[in-house]
Amino acid sequence: MKKHLKESRGKALFHGGFVANMVYVGDPCYCLNDVIYQDAIDQADPEGKFDSIASGAHVEGAFVNTYDGDGEYEGSDGRNYGVDAGIIGIVNITNVTATEGKDFQSLSKLGRVIKLPKYAVTQYEISRDNEGVITVDIKQGRFTETIAIPTGFEEEYTCNECGEPISEWEYRRYSGCCENCYSESLE
């Protein structure tokens with residue numbers, strides 16, 4: 001289920017932190033059990049950040065919508081990130097109660113489990129640019145990890161009316177036109 005975020009397309013940027021020694025980067029629906037996942041997503045703020053008690057487990061993290069929805073996206077780290085809920089984020093999985101003991105090896109096939117150097121304050125920044133590239137920056141002391149995951153259109157589209165480049169999403173939504181030409185055609 002997709003969370004209704006303040007900004008579902010275009011740029012998004014926010015940061016946060018938690019005490020952790022292990023995090024999951026990918027679609028949170030894979031690393032949390034169904035009940036905890038739904039509670040956490042429902043309690044997320046409009047930016048997609050959550051730090052809550054969900055079904056008795058403390059869960060923390062953040063997410064942004066992918067540009068093109070569900071699918072599989074290759075990250076800058078060479079890993080594939082599966083998406084079933086239309087979102088990619090970071091989740092503190094130090095508390096294994098929230099994961100119900102899911103096998104971290106199988107989680108790594110759907111996203112990425114990152115073992116941090118120690119149990120300590122971990123800062124993160126998650127962003128999505130106008131082309132749908134989601135970037136997750138993780139910092140703990142001297143440890144840093146940056147993962148960029150393109151979730152936007154690969155193919156180039158142009159407006160059938162004015163010839164300007166547009167996204168696949170805009171092309172499909174406005175019947176082959178950009179938003180401006182489509183709006184003008186309705187007048």
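Residues numbered from 1 in each chain as written. Predicted model: local features only at pLDDT ≥ 70, side-chain atom pairs only at ≥ 80, totals over all residues. Heavy atoms only, no water.

Caption draft 1: Structural detail: the overall build of the chain. A count of helices and strands for the chain gives 5 helices and 11 strands. For the chain, buried positions account for 50% of its 187 residues. Here the chain displays about 9600 Å² of accessible surface, and carbon together with sulfur accounts for 45% of that area. (Helix = DSSP H or I, 4+ residues; strand = E, 2+ residues; numbered from the N terminus. Buried < 20%, exposed > 50% of the residue type's maximum accessible area, 1.4 Å probe, protein only. Areas by Shrake-Rupley, 256 points an atom, 1.4 Å probe, with all protein chains shown as cover.)

Caption draft 2: Looking closely at helix H2 (residues 34-43). For H2, the set of buried residues is Ile-36, Tyr-37, Ala-40 and Ile-41. Buried residues along H2 cover an arc of 125 degrees about the axis, so they all sit on one side. Structural note: H2 exposes Asp-34 and Val-35 on the side pointing more than 90 degrees away from its buried face. Lining the buried residues of H2 we find helix H1 (28-31), strand E2 (49-54), strand E3 (57-65) and strand E6 (87-92). The distance from a side-chain oxygen at the start of H2 to the backbone nitrogen of Val-35 is 3.0 Å, and the residue carrying that oxygen is Asn-33. (Arc of directions from axis to C-beta. Contact = heavy atoms within 4.5 Å. Polar contact = N/O pair within 3.5 Å; in protein donor to acceptor, adjacent residues only side chain to side chain.)

Caption draft 3: Structural detail: the side chain of Thr-151. Its location among the elements puts Thr-151 in the loop between strand E9 (143-150) and strand E10 (157-158). Overall, Thr-151 belongs to the buried group, its relative accessible area being 0%. There is a polar contact of 2.9 Å between the side chain of Thr-151 and the backbone nitrogen of Tyr-67. Those residues in contact with Thr-151 that sit more than four places away from it in its chain are Thr-66, Tyr-67, Asp-68, Tyr-73, Ile-88, Gly-132, Val-133 and Ile-134.

Caption draft 4: Just the pairing of E2, in detail. Along E2, the buried face is formed by Phe-50, Ser-52 and Ala-54; none of Lys-49, Asp-51 and Ile-53, which line the opposite face, is buried. Hairpin connection, E2 to E3: the antiparallel pair is bridged by 2 residues, and Ser-55 has positive phi, about 50 degrees. (Pairing = 2+ DSSP bridges.)

Caption draft 5: Expanded view of the environment of Glu-47. Mapped onto the secondary structure, Glu-47 falls in the loop between H2 and E2. With a relative accessible area of 30%, Glu-47 lands in the partly exposed category. When the C-alpha positions of Glu-47 and Phe-14 are compared, they lie 7.7 Å apart, and in sequence the two are 33 residues distant.

Caption draft 6: Geometry of the pairing of strand E7 (residues 112-128). With 13 bridges connecting them, strand E1 (residues 12-26) and E7 associate as antiparallel partners. By the bridge assignment, Gly-16 is partnered in E7 with Tyr-124. Taking the residues between adjacent antiparallel strands as the criterion, E7 and strand E8 (residues 133-140) are bridged by 4 residues, where Gly-132 takes a positive phi near 90 degrees.

Caption draft 7: Inspection of the packing of aromatic side chains at higher detail. Counted by the stated rule, this structure contains 4 aromatic pairs. With a centroid separation of 6.2 Å and 40 degrees between ring planes, the pair formed by Phe-50 and Phe-63 is classed as tilted. Residue Phe-50 is located in strand E2, and its partner Phe-63 is located in strand E3; the two are separated by 13 residues in the primary sequence. Each of the two residues, Phe-50 as well as Phe-63, counts as buried. Both rings, one in Tyr-157 and one in Tyr-171, keep their centres 4.9 Å apart while their planes meet at 40 degrees; by these two values the pair is tilted. Linking Tyr-157 in strand E10 with Tyr-171 in helix H4 (residues 168-173), this pair joins segments that are 14 residues apart in sequence. For Tyr-157, a relative accessible area of 13% translates into the label buried. Overall, Tyr-171 belongs to the partly exposed group, its relative accessible area being 26%. (Phe/Tyr/Trp six-rings, centres within 6.5 Å; stacked < 30°, edge-to-face > 60°.)

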